[in-house]
Amino acid sequence: MSGTFGDRSGRQGKLSQWLRGRRPKEGAADDGGRETLLLAAAGAGLPLAPAAHPAPGYRCSCDRVGCPTPARHPVSFAWQTQSTTDRAQIERWARHQPQANFITATGMVHDVLDVPLEAGREALQRLLGAGIEVGPVAESDDGRMLFFTLTRGTPEDEDEWWPCELDCHPETMDEHPGLRWHCRGSYVLVPPARLPGDDQRVRWVRGPEHALPDPLSLLEALTDACARHGAEADHPGAAWPLRH
């Protein structure tokens, strides 16, 4: 891993292990790795807030009957104002809620381009091969890849807000099976996070030490990859050459 975060050199080894894909044993959430990763994300400017976590039987810790997004949602309705990068607050949350996942609120500092996993892996390889700067990237075991980018911003004049048909909010997730653009009013889980199921996780592929890129620099590669994989799903075996 490149770069360090403050003077926490003693924790650097644990952070590097996480970013290489090594996972701690269940129940080892307090060994320093989880908190270090959360503080690294906050140090990179990603505002965080506590989220639900998996409960036995593929349930959610919120105990809502039929929770539509188990372990994937904030614990507070005030998550947008609660989200913070304050180190002391995040340390308190992490230590007092050792099983909690965390979300990061998008549209403040960063957006997230959220794509199907295989399309994301293809696009990531293409982008890196072309020498394009790619920021933090996370993989989720529920089949999604998250590309963290700079936000489009929130202009003072609402009439100048750039609407996008890809904009995704928590209540519209099912309407976007391909590319989802999480911006103002949305959120995603931030690694490390646990999902319902046997050792299902959200983890960093490229950690938060990478600078956030302009979303438009990634958009073409991501939409192309999503289109190809969508077409492949509709027409198995079809050949879809890469666009250059």
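Analysis parameters
Residues numbered from 1 in each chain as written. Predicted model: local features only at pLDDT ≥ 70, side-chain atom pairs only at ≥ 80, totals over all residues. Heavy atoms only, no water. Helix = DSSP H or I, 4+ residues; strand = E, 2+ residues; numbered from the N terminus. Contact = heavy atoms within 4.5 Å. Areas by Shrake-Rupley, 256 points an atom, 1.4 Å probe, with all protein chains shown as cover. Pairing = 2+ DSSP bridges. Axes fitted to C-alpha atoms, helices over the stretch in contact; angles between N-to-C directions. Buried < 20%, exposed > 50% of the residue type's maximum accessible area, 1.4 Å probe, protein only. Phe/Tyr/Trp six-rings, centres within 6.5 Å; stacked < 30°, edge-to-face > 60°. Salt bridge = Lys/Arg side-chain N within 4 Å of Asp/Glu carboxyl O.

J.: Looking at this structure, I do not really get the overall build of the chain. What am I missing?
T.: Helix and strand counts for the chain stand at 6 helices and 12 strands. Contacts in the chain between residues at least 24 apart in sequence constitute 71% of all its contacts with a sequence separation of at least 6. Carbon together with sulfur atoms contributes 51% to the accessible area of the chain, which is approximately 12300 Å² in total.

J.: For this particular structure, what's the right way to read the sheet that holds strand 10 (residues 187-190)?
T.: Strand pairing in a sheet relies on backbone hydrogen bonds. The paired strands run either parallel or antiparallel. On the basis of which strands lie adjacent, the open sheet formed by 3 strands has the order 1-4-10 and antiparallel pairing. Here the strands that pair on one side only, and so sit at the sheet edges, are strand 1 (48-51) and strand 10. Taking each pair of neighbouring strands and ignoring which way they run, the sheet shows an average axis angle of 40°. Lying over the sheet, helix 4 (residues 87-96) contacts strand 1 and strand 4 (101-105), oriented at roughly 15° with respect to strand 1.

J.: Got a minute to help me understand the environment of Trp93 in this structure?
T.: Tracing the backbone through its elements, the reader meets Trp93 in helix 4. Among the residues examined, Trp93 registers a relative accessible area of 11% and is labelled buried. Taking the C-alpha atoms as reference, Trp93 lies 8.4 Å from Ala49; in sequence the two are 44 residues apart. Not counting the four nearest positions on each side in its chain, Trp93 is found in contact with Leu48, Ala49, Pro50, Gln82, Thr84 and Phe102.

J.: Hey, could you run me through the packing of aromatic side chains in this one?
T.: How two aromatic rings sit relative to each other is set out by the distance from centre to centre and by the angle between their planes. With the rule as written, the count across this model stands at 3 aromatic pairs. A centroid spacing of 6.4 Å and a plane angle of 45° characterise the contact between Trp93 and Phe102, whose relative ring orientation is tilted.

J.: Would you mind showing me how to read the pattern of salt bridges here?
T.: It is possible for side chains bearing opposite charge to pair when their charged atoms get close. One pass over the full model with this rule turns up 11 salt bridges. The salt bridge partner of Arg203 is Asp141, with a shortest N-O separation of 2.8 Å. Pair noted here: Arg203 is in strand 12 (residues 200-206) and Asp141 is in the loop between strand 6 (137-140) and strand 7 (144-150), with a separation of 62 residues, a long-range link. In this structure Asp141 comes out as partly exposed when scored by relative accessible area, which is 28%. One salt-bridge network, in which partners are shared between bridges, spans Asp114, Arg144 and Arg180.

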